[in-house]
Amino acid sequence: SSALRSSWEASEQAPVCLYVGRLAPEKNLALVRKTFRAIQVHHPAARMVWVGDGPSARQLASEDKDHHFAGMRLGEDLAAHYASADLFLFQSRTETYGNVVAEAMASGLPVQGFSYPQNPAYFQISSFSPWPFMCSALFCRNRWNSGSLR
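Here goes a summary of the coordinates provided. (Residues numbered from 1 in each chain as written. Predicted model: local features only at pLDDT ≥ 70, side-chain atom pairs only at ≥ 80, totals over all residues. Heavy atoms only, no water.)

What follows is about the pattern of salt bridges. Under the defined criterion, the tally for this structure stands at eight salt bridges. Where Arg5 meets Asp86, a salt bridge forms, and the shortest distance between an N and an O atom there is 3.0 Å. One end of the pair, Arg5, is in helix α1 (residues 2–7); the other, Asp86, is in the loop between α4 (75–84) and β4 (87–90), with 81 residues separating them in the sequence. Given a relative accessible area of 2%, Arg5 falls into the buried group. For Asp86, a relative accessible area of 2% puts it in the buried group. Among the ionic pairs, Arg37 bridges to Asp66, the shortest N-O distance being 2.9 Å. Of this pair, Arg37 sits in helix α2 (residues 29–42) while Asp66 sits in the loop between α3 (57–63) and β3 (68–71), and the two are 29 residues apart along the sequence. Ionic contacts of the salt-bridge type, sharing partners, join the residues Arg33, Arg37, Glu63, Asp64 and Asp66 into one network. (Salt bridge = Lys/Arg side-chain N within 4 Å of Asp/Glu carboxyl O. Helix = DSSP H or I, 4+ residues; strand = E, 2+ residues; numbered from the N terminus. Buried < 20%, exposed > 50% of the residue type's maximum accessible area, 1.4 Å probe, protein only.)

And the structure:
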């Protein structure tokens, strides 16, 4: 939605990265932040949108003032957030199965995350690389420049 992207201060041309879930240390949020910063190297206008709440929310918001924190979203409002973003960042190593991955893919979002046995076979963009966020940055740059993300 153009209106939603505008509320995130994201132009139609700027890539928007999305995280949906509990904002807690066990979700590997530090790597989500590194991934996004690596994407920003190639796309300075990129925006990061966080949907959810949890014990890390206040700290993230104070440290990443250029990010948008949408809080909890449900139903059609949540679906609009998925549909208005360009790349879903999923860095958790503790999920047995992340429902948010299926929700993101159902909205047509490419998913950046780890290829661990607990993740479905159709979810392979990064690997066990010690620098998976670099894979994300290269993937995003190549896909965005080719126009295939929009």
